[in-house]
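Notes for the structure review
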Amino acid sequence: MIHQHLLETALHLATQCLTLTSPNPRVGCVIASADGQVLGQGHTQCAGQAHAEIMALRDAQALGHPVHGATAYVTLEPCAHQGRTGPCCDALIEAGIKNVVAAGTDPDPRVAGEGFARMRAAGLTVEVLPIDHPIAIQARELNLGFFSRMVRKTPWVRMKIAASLDGKTALDNGASQWITSGEARADGHAWRARSCAVLTGIGTVLADNPKLDVRLVPTKRQPGLVVVDSRLQTPLDAALFIADRPLWIWATGQNDAKVLALQAQGATVLLQPDGAGKMDLTAMMRDLAQREINELHVEAGHKLNGSLIRAGLVDEFLVYLAPKMIGQGADMSTFGPLAALSQAVALVFQSVDRIGPDLRIVARVIDRDKF
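Figured I'd write up the structure that's included with this text. (Residues numbered from 1 in each chain as written. Predicted model: local features only at pLDDT ≥ 70, side-chain atom pairs only at ≥ 80, totals over all residues. Heavy atoms only, no water.)

1. Looking at the layout of surface pockets
We apply this condition: Using a 1 Å grid laid over the protein atoms alone, points where a 1.4 Å probe fits but cannot get out form a cavity; open sets with protein on both sides within 12 Å along at least 5 of 7 lines form a pocket; any residue with an atom within 4 Å of a point counts as lining. Grid points are joined across faces, edges and corners, and a volume is the space filled by probe spheres set on the points. Helix numbering and strand numbering both begin at the N terminus, where a helix is a DSSP run of H or I of at least 4 residues and a strand a DSSP run of E of at least 2. The nonpolar class holds Ala, Val, Leu, Ile, Met, Phe, Trp, Tyr, Cys and Pro. Asp, Glu, Lys and Arg form the charged class, and all remaining residues, Gly among them, are polar.
Of the volumes computed, that of the largest pocket is approximately 1600 Å³. The wall of the largest pocket is formed by 49 residues, among which Thr204, Asp208, Glu299, Ala300 and Gly301 lie closest to the centre. When residues of the lining of the largest pocket are traced back to their parent elements, those giving at least two are strand 6 (156-164), strand 7 (168-171), helix 7 (182-194), helix 8 (202-208), helix 10 (281-290), helix 11 (302-310) and strand 14 (329-331). If one sorts the elements of the lining of the largest pocket by residue count, helix 11 sits on top with six residues. Tallied by class, the residues present in the lining of the largest pocket amount to 18 nonpolar, 17 polar and 14 charged.

Structure representation (structure tokens):
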């Protein structure tokens, strides 16, 4: 018998590690007796630390609850490989767990059903929710970036834009602080915090000298930073150089002296020109996936935004609209012109919410999550 409320508890646990687990998936686990009594529970910790199943087993042990013959409810297939930590499927087997109920299969090729197979071979009963089960859908949604990296070999790309109601991100003179409210800015930092890396362009770096770190919400880890800087113009005293944060600068041309100087500041400089000498953004995305970037959070200017949209690399838009009309100013993005409305990027609204006085719209490119 599946206890629905225990699956919901496991999903809730997974949401609690939204900003914690990168590049690992966000997973929750509840271990319960046959009558539904919770014996132990937990969620995945920072990379290199315990996964959800191990945390739940430890919790049960700390509470003095034996788990032999119990059922483990977990939001993703227990891993079956030796990575930064040992296989969770083996830990469940060794603990004497009798049944496992999972919300979905791990897309990692090193797992991909092997965890289920190993547990079944050891005599455990394993049940996997149908892919259209509401909790299966929510568990996958929580880890879209991880699924994207494993299946498509590219990150899930979310573009954040703060604008006036008439779609302007700055005045004609470049002033943009602050179009949206403090509440919207704090919410934007929460979305930064859940990403593996933030991407911006050299235009934003030179114009605003931003840190692009997480400051307005609590976090135990800072996402990495990616700067698209074709001509290596990043100033050596830029505010973006922050200790203990990965920084990748992508360029198209070699400048040995500047590369060495940037590397001395802690940056990794990478060259990714296309055949025309411009930045190969598609190749950059594939490389970022190899660097274990699940969710890529874009905060850039209209030119780079337009280039990413034009290349078909954006999966989702996170747009904050302030109740202001600016008139002439900087647009959200620059691409086109299109010859017909049928060529427009078709979106579906995932959510529309009030954040302080502003609107927050999450809009997804249609079918980008079908992988």
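2. Thoughts on the sheet that holds strand 1 (residues 28-32)
Under the convention used in this document: Note: two strands are recorded as paired if DSSP finds a minimum of 2 bridges between them. To obtain an axis, a line is fitted to C-alpha atoms, over the contacting stretch when the element is a helix, and the angle between two such axes runs from 0 to 180 degrees between their N-to-C directions. For this analysis, residues touch if any pair of their heavy atoms sits within 4.5 Å.
Ordered in space as 2-1-3-4-5, the five strands form an open sheet in which the pairing is mixed. Edge positions in the sheet fall to strand 2 (38-43) and strand 5 (125-128), since each of these pairs with one other strand and no more. Going across the sheet, the axis of each strand differs from the next one's by a mean of 15 degrees, ignoring polarity. Judged from the five bridges that link them, strand 1 and strand 2 form a sheet pairing that is antiparallel. Paired with Ala32 across the bridge in strand 2 is Val38. Here helix 4 (residues 114-121) sits on the sheet in contact with strand 4 (99-102) and strand 5, set at roughly 150 degrees to strand 5.

3. Looking at helix 7
Definition in use: The length a helix should cover is 1.5 Å for every residue beyond the first. Exposure classes here rest on a 1.4 Å probe applied to the protein chains alone. A residue is buried below 20% of its type maximum, exposed above 50%, and partly exposed in between.
Taking 1.5 Å of rise per residue, the 13 residues of helix 7 would be expected to cover 18 Å, and the 19 Å separating its terminal C-alpha atoms lies within 8% of that figure. Turning to helix 7, its buried residues number three or more, namely Ala184, Asp187, Gly188, His189, Trp191, Arg192, Ala193 and Arg194.

4. Looking at the packing of helix 1 (residues 4-15) against helix 5 (residues 134-142)
Put simply, the rule reads: Oblique is the label for any angle not under 35 degrees, not over 145, and not in the 65 to 115 range, which are roughly parallel, roughly antiparallel and roughly perpendicular in turn.
Following both chains from N to C, one finds helix 1 and helix 5 inclined at 10 degrees, their axes separated by 11 Å at the closest point. In terms of axis orientation, helix 1 runs roughly parallel to helix 5. Residues Gln4, Leu7, Glu8, Leu11, Ala14 and Thr15 of helix 1 pack against Ile135, Gln138, Ala139 and Leu142 of helix 5. In terms of residue class, the contact of helix 1 with helix 5 is made up of six nonpolar, three polar and one charged.

5. Considering the pattern of salt bridges
Our working definition: Take a side-chain nitrogen of Lys or Arg and a carboxyl oxygen of Asp or Glu: if they are within 4 Å of each other, that pair is a salt bridge.
Evaluation of the coordinates by the stated rule reveals 21 salt bridges. Across the salt bridge formed by Glu316 and Arg158, the nearest N and O atoms sit 2.8 Å from each other. Remark: Arg158 occurs in strand 6 and Glu316 occurs in strand 13 (residues 316-322); sequence separation between them is 158 residues. Of the residues examined, Glu316 reaches a relative accessible area of 2% and is grouped as buried. Given the relative accessible area of 5%, Arg158 is considered buried. Put simply, Asp369 and Arg364 hold a salt bridge, and the shortest N to O gap is 3.0 Å.

6. Regarding the sheet that holds strand 16 (residues 358-365)
As summarised here, the arrangement of the nine strands in space is 11-10-9-8-12-6-13-16-15, forming an open sheet in which the pairing is mixed. In the strand order of this sheet, the two ends are held by strand 11 (268-271) and strand 15 (347-355), each with one partner. The average undirected angle you get between the axes of adjacent strands in this sheet is 20 degrees. As paired elements, strand 6 and strand 13 share seven bridges and run parallel to each other.

7. Some points on empty space enclosed by the protein
Applying the stated rule across the entire model yields one cavity of 30 Å³ or more. Within this model, the largest cavity holds a volume of roughly 70 Å³. If you go around the largest cavity, you meet 13 residues; those closest to its centre are Asn24, Arg26, Asn143, Asn294 and Glu295. For the lining of the largest cavity, the per-class residue count stands at four nonpolar, six polar and three charged.

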